[in-house]
Amino acid sequence: MNEELVKRIEENPKYQELVNKRKSFSIKLGVFVLVMFYAYILTIAFNKEVLATKIGDGLTTVAFPIALAILIISFISTLIYVKRANGEFEDLNNEIKNDVKDLM
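Computed from a predicted structure; not experimentally measured. (Residues numbered from 1 in each chain as written. Predicted model: local features only at pLDDT ≥ 70, side-chain atom pairs only at ≥ 80, totals over all residues. Heavy atoms only, no water.)

Draft legend 1. Representation of the overall build of the protein in the model. Each helix and strand counted, the protein has four helices and zero strands in total. Secondary structure of the protein in N-to-C order comes out as α-α-α-α. A globule of 104 residues ought to have a C-alpha radius of gyration of about 13 Å, yet the protein, at 22 Å, is considerably larger. Projected onto its principal axes, the C-alpha coordinates of the protein cover approximately 70 × 25 × 20 Å. (Helix = DSSP H or I, 4+ residues; strand = E, 2+ residues; numbered from the N terminus. Rg over C-alpha atoms; globule rule 2.2 N^0.38 Å.)

Okay, structure coming up:
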């Protein structure tokens, strides 16, 4: 790739905004999901009686719905990231492309 083009893109304030917003958002979502997973694992390790509590008269314990909720929330957080990436981040990306085309 042309080094001058790369330099123009990197110096564009919209590019810096895109990089910062994307990094910040992905770190927040990543930390959220990791905290959920590790809280569940730490609960299993140090307080399994809580998760072993049976729900009703059946064999199902509290652990099953919590694990299912973690999976669903993880899937939803992925959808949230994809929606934002295809919306706000893609719009910024297109603006950067248009700015660079104008300078060429």
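Draft legend 2. Representation of the pattern of salt bridges in the model. With the rule as written, the count across this model stands at six salt bridges. With a shortest N-O distance of 3.4 Å, Lys14 and Glu95 are connected by a salt bridge. Placement of Lys14 in helix 2 (residues 13–46) and of Glu95 in helix 4 (residues 63–103) is noted, with a sequence separation of 81 residues between them. Through salt bridges with shared partners, a single network forms among Glu17, Lys21, Arg84 and Glu88. (Salt bridge = Lys/Arg side-chain N within 4 Å of Asp/Glu carboxyl O.)

Draft legend 3. Spotlight on the confidence of the model for the protein. For the protein, the mean per-residue pLDDT works out to 91, and 96% of the residues sit at or above 70. Across the protein, helix 2 holds the top mean pLDDT of 94, while helix 1 (residues 3–11) sits lowest at 85. (pLDDT = per-residue confidence, 0-100.)

Draft legend 4. Summary view of the packing of aromatic side chains. All told, the structure shown has three aromatic pairs when counted by the stated rule. Measuring from centroid to centroid gives 6.0 Å for Phe25 and Tyr81, while their planes differ by 15°, and the two rings are stacked. Residue Phe25 is located in helix 2, and its partner Tyr81 is located in helix 4; the two are separated by 56 residues in the primary sequence. With centroids separated by 6.1 Å and ring planes inclined at 55°, the aromatic side chains of Tyr81 and Phe89 adopt a geometry described as tilted. Exposure remark for Tyr81: the relative accessible area of 26% places this residue in the partly exposed category. (Phe/Tyr/Trp six-rings, centres within 6.5 Å; stacked < 30°, edge-to-face > 60°. Buried < 20%, exposed > 50% of the residue type's maximum accessible area, 1.4 Å probe, protein only.)

Draft legend 5. Just the environment of Phe25, in detail. According to the relative accessible area criterion, Phe25 is buried, its value standing at 15%. For Phe25, the residues in contact, after removing those within four places along its chain, are Ile80, Tyr81, Arg84 and Phe89. (Contact = heavy atoms within 4.5 Å.)

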